[in-house]
Each structure stands twice: as C-alpha cells, then as structure tokens.
Amino acid sequence: MRRLFPLSAPSVPAPDVENTVVGAIDPMDREWTLDELADAYAYPAADDPVRSGRTGWLRANMVSSVDGAAHHEGRSQPLSSDADMRIFGVLRGLADAVVVGAETVRQEGYRPARAREAFAARRAAAGQGPAPAIAVVTAGLGLDFTLPLFTEPLVPTLVLTGAGAPADRVAEARAAGAEVLFAGEGQGVDPARVPGVLAGRGHTRLLTEGGPMLLGQFAAAGALDELCLSLAPVVAVGDAPRIMNGPAVPVPERFALASVLEEAGFLFTRYRRS
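These numbers were taken from a predicted model, which means no experiment stands behind them.

Draft legend 1. Quick look at the packing of aromatic side chains. Under the definition given, this model contains two aromatic pairs. Both rings, one in phenylalanine 145 and one in phenylalanine 150, keep their centres 4.9 Å apart while their planes meet at 75°; by these two values the pair is edge-to-face. This pair shows no difference in class: phenylalanine 145 is buried, exactly as phenylalanine 150 is. Relative to phenylalanine 268, the ring of phenylalanine 266 lies with its centre 6.1 Å away and its plane at 10°, an arrangement referred to as stacked. Pair check on accessibility: phenylalanine 266 and phenylalanine 268 agree, each one buried. A cation sits over an aromatic face here: arginine 59 above tyrosine 43, 4.1 Å from the ring centre. Stacked on the ring of tyrosine 41, the Lys or Arg arginine 270 has its end atom at 5.7 Å from the ring centre.

Spelled out as structure tokens, the structure:
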C-alpha cells in the first residue's frame, strides 16, 4: 500500500528527533500496520473545527467498481480485496456504532461486531467498549430476531426505527435483547436525527456501511460527514445501483478530498464535507 495524497513530509535524518513529523507515512509500496491505518483513518477530535455544530461524526464506508456498481449479484464481496477488508476492519475498530440498513443486514448476513485485540488498547483509551454496536435502521422491523446479530452480540444490537413502528415488532425486538431507539415521528426513521439519537447513547463515532438507499438518505438529509470509498479495478456492468440511491438534492453538495491510498490497483479514497 502507498499514499498518493496527501504526500507525507520528507523523511528527517535520525538525529533531528525534535522535528520529526509524528505519524508521517512514506509513499513506498508496502503493507501498512493496523496502527498506521488506524492513525490515517482517525476520527476528528471533538474540538476539531470541522465538527463544529455536529453532535457526532458519521462516516460511510463503501466499495464500487470503476463503472459505478455498488455490488455484484447482490453482494459487495466480489468487489473487495484483502486491503479493502483490512480497512473495513480498521474502520469498525475505530467506531462506536455501525449503522446499517435492514435490507443490507438480510443480504449480507450481518453478524455482531467482534472484539479485536489489535484495537483493545486504542478503544479503552478512547473510553469505548470492546466492540462497536450494530445499529439497524428499519421502518417495519422485518428482521429475524433469532439470528446471532440479536442473540449473540458482545454489546447489545440497536434497532433504529420511528415512533409509529409496529408495537408488536418493537416488543419482539426488545424481548430478543435489542435496544430500540426512535429516530422519527412516523413509522420510518428520519435520517437527519440518527446521529443525534446515537450521540445521546454515547455513540459519536459513527460508521455506516449502507446499503445504497440508506446512504443516499443520509447524504440527502445533510447527515453524512465523510465518505470512505474503495474503488475496485473491475468492471461489473449489470444493473447494480450506485453507492447512493436516494432522493435528489437541490444542489450537489461539495466534499473535499482528504486522502488517497493505493494497493494492487484499488484506490482507497476519503472525502470530507467541505
């Protein structure tokens, strides 16, 4: 893996320790450690001006083929790579909660996030639990509550829905051990309210893994702060959706390029709200 943007500072001779750039990573093509990747993808600090007025920080992690497909035959795995999965794991290792749509839970066979020793000290220092919570966004709660996501989580799975959701399904979710949070007045979720509702539970470092419809809703609502997009060097053709599939915005919102990494032809880009 190598950094294409921004380029790191020139290396400093060993004796000049005082002026060494902490965390600078050279552009040589080599395998980065998990710690280096975690530093590169660190969430902005609470007092960072970029977070002004934001109750939390919602970043998305998606993969796309070069022709714009968000998946192949319903799954993202055919577009992925070893490096993409390392970054996937790092982003989860940094997050308080992983926000995902119900359809993606069904299509991808979601399981509870696991604790990883590589991130244990970093999470403890940040006051985080051993693993991120999975937060499922759903209107009708059409979920199988006997799945391990609900019966075997290290930390309780969260269900985000609207106050008008079916009462019997809400009761079933709670009986299965899930924590139900309301982020909307009707049956569905108001995407703009999700970061605030999760922040109220102490989850301010948020990661969404889609799918395209949920991500499109977050973007259209102005709730998306950062996009980590892996561009796979493959052509998928077919009728797969784009990484975002939601209501049109009146004016396209501008995001600024924060970084680009490359490995084996895959580009790992990171964009932040301008």
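Now that the structure is up, let's keep going.
Draft legend 2. Region of interest: the confidence of the model for the protein chain. Chain-level statistics for the protein chain give a pLDDT mean of 91 and a share of 93% at 70 or above. Low confidence marks residues 12-24, where pLDDT is under 50. Its contacts with residues over four positions away, or in another chain, come to four contacts.

What counts, and where the lines are drawn
Residues numbered from 1 in each chain as written. Predicted model: local features only at pLDDT ≥ 70, side-chain atom pairs only at ≥ 80, totals over all residues. Heavy atoms only, no water. Phe/Tyr/Trp six-rings, centres within 6.5 Å; stacked < 30°, edge-to-face > 60°. Buried < 20%, exposed > 50% of the residue type's maximum accessible area, 1.4 Å probe, protein only. Lys NZ or Arg CZ within 6 Å of the ring centre and 35° of its normal. pLDDT = per-residue confidence, 0-100. Contact = heavy atoms within 4.5 Å.

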